[in-house]
Amino acid sequence: MEVDCQPEESLVSSFDEDCVALGDVKDMRLEAEAVVNDVLFAVAEMHVSQSLNSASDVAHINVETREGNRYCLELTEAGLRVVGYAFNHVDEDLSTQYHETVYSLLDTLSPGYREAFGNALLQRLEMLKQNGQ
């Protein structure tokens, strides 16, 4: 019986592939910090919850919109969704839809966010236009 590779070689190869796959796992706490930094300019307040348990697969973000509404958001691989209507509060009975991006979520929650985002975009375009002339 002929074997194309040694059994030890296939074990090493499999181990390396597993390491690569595990390296692709996102740490949701780091993702949550990035989300906050990305849209902080367009909300009244936003921070990653320090009191709710977070893990590598879930994090919670507290956000207050420009209208003064407070939400607790859950961030997972599935996206972002509202899980409570107060900081650091998770309502287990609440069933809300997931959004792929924080922009989409905030766009549905806050007209003030939409306006701030639009104004920031216009300012950036004006700056690019001025630099291009």
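Refer to the structure printed above.
Let me begin by describing the structure that accompanies this report. (Residues numbered from 1 in each chain as written. Predicted model: local features only at pLDDT ≥ 70, side-chain atom pairs only at ≥ 80, totals over all residues. Heavy atoms only, no water.)

For the rest of this paragraph, the subject is the packing of helix 3 (residues 102-109) against helix 4 (residues 111-132). The geometry of helix 3 relative to helix 4 is characterised by a closest axis approach of 5 Å and an angle of 125° between their N-to-C directions. One finds that helix 3 runs oblique with respect to helix 4. Of the residues in helix 4, those touching helix 3 at Tyr103, Leu106, Asp107 and Leu109 are Pro111, Tyr113, Arg114 and Phe117. By residue class, the composition of the contact of helix 3 with helix 4 is six nonpolar, no polar and two charged. (Axes fitted to C-alpha atoms, helices over the stretch in contact; angles between N-to-C directions. Helix = DSSP H or I, 4+ residues; strand = E, 2+ residues; numbered from the N terminus. Parallel < 35°, antiparallel > 145°, perpendicular 65-115°, else oblique. Contact = heavy atoms within 4.5 Å. Nonpolar A, V, L, I, M, F, W, Y, C, P; charged D, E, K, R; others polar.)

The pairing of strands in a sheet happens through backbone hydrogen bonds and is either parallel or antiparallel. The four strands lie next to each other as 1-2-3-4, forming an open sheet whose pairing is antiparallel. Taken across any chain shown, the strands that pair with only one partner, and hence form the sheet edges, are strand 1 (45-48) and strand 4 (79-84). Each strand of the sheet is rotated relative to its neighbour by a mean of 25°, with strand direction disregarded. Sitting on the sheet, helix 2 (residues 28-39) is in contact with strand 1, strand 2 (59-64) and strand 3 (70-76), with an inclination near 165° to strand 1. Contacts from helix 3 reach strand 1, strand 2, strand 3 and strand 4, with the element oriented near 40° to strand 4. (Pairing = 2+ DSSP bridges.)

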